[in-house]
Amino acid sequence: MFSGHFLKNDVVDAQAVRNFGLQLQHRAERVALMMELLAAKEFSFHFQQGSIFADSSVMEGQEAKEYLLGNGFLDQEFQIFLEYGRKWGIM
């Protein structure tokens, strides 16, 4: 697998570029698989500032984390952010 040195200012050869392409392809496939799993749980997706965000009003953060870990993802492959909306009402 790719060692990561390609992103620095080192001298690079054609094979390093090919290896980097394979790493990107593998990562894109993992993201797509994660999206398919979350879509089955009613998540919606949007792209912002170079990241893909998955939103849900159905599944809680800890439940989503356990679901992804249970499906073979590592905790360093995703981040969970929680936002709570305050709702007001009058009785």
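Residues numbered from 1 in each chain as written. Predicted model: local features only at pLDDT ≥ 70, side-chain atom pairs only at ≥ 80, totals over all residues. Heavy atoms only, no water.

Trainee: Got a minute to help me understand the pairing of strand β1 (residues 44-48) in this structure?
Mentor: Look at any regular strand and the pattern is simple: side chains alternate between the two faces of the sheet. Looking at chain direction, β1 and strand β2 (residues 51-55) are connected through 5 bridges and run antiparallel. Bridge pairing in β2 links Ser 44 to Asp 55. Taken together, β1 and the strand that follows it, β2, pair antiparallel across an intervening segment of 2 residues, in which Gln 49 is found at a positive phi of about 50°. (Pairing = 2+ DSSP bridges. Helix = DSSP H or I, 4+ residues; strand = E, 2+ residues; numbered from the N terminus.)

Trainee: Which parts of the structure should I look at to understand the pattern of salt bridges?
Mentor: For side chains bearing opposite charge, pairing can occur when the charged atoms are close. Scanning the model with the defined rule gives 1 salt bridge in all. Ionic pairing is found between Glu 77 and Arg 30, a salt bridge with its closest N-O pair at 2.8 Å. Of the two residues, Glu 77 is situated in the segment after α2 (61-70) and Arg 30 in helix α1 (residues 14-39); the sequence distance between them amounts to 47 residues. Looking at Glu 77, the relative accessible area reads 31%, which means it is partly exposed. (Salt bridge = Lys/Arg side-chain N within 4 Å of Asp/Glu carboxyl O. Buried < 20%, exposed > 50% of the residue type's maximum accessible area, 1.4 Å probe, protein only.)

Trainee: I tried to follow α1 on my own but got confused; where do I start?
Mentor: Count 3.6 residues to each turn of an α-helix, and residues three or four apart come out pointing the same way. Here α1 contains 26 residues, and its C-alpha end-to-end distance of 37 Å stays within 8% of the 38 Å for a straight helix at 1.5 Å per residue. Listing the buried residues of α1 in full gives Ala 16, Phe 20, Met 34, Leu 37 and Leu 38. On the buried face of α1, the contacting elements are β1, β2 and α2. (Expected span 1.5 Å × (residues − 1). Contact = heavy atoms within 4.5 Å.)

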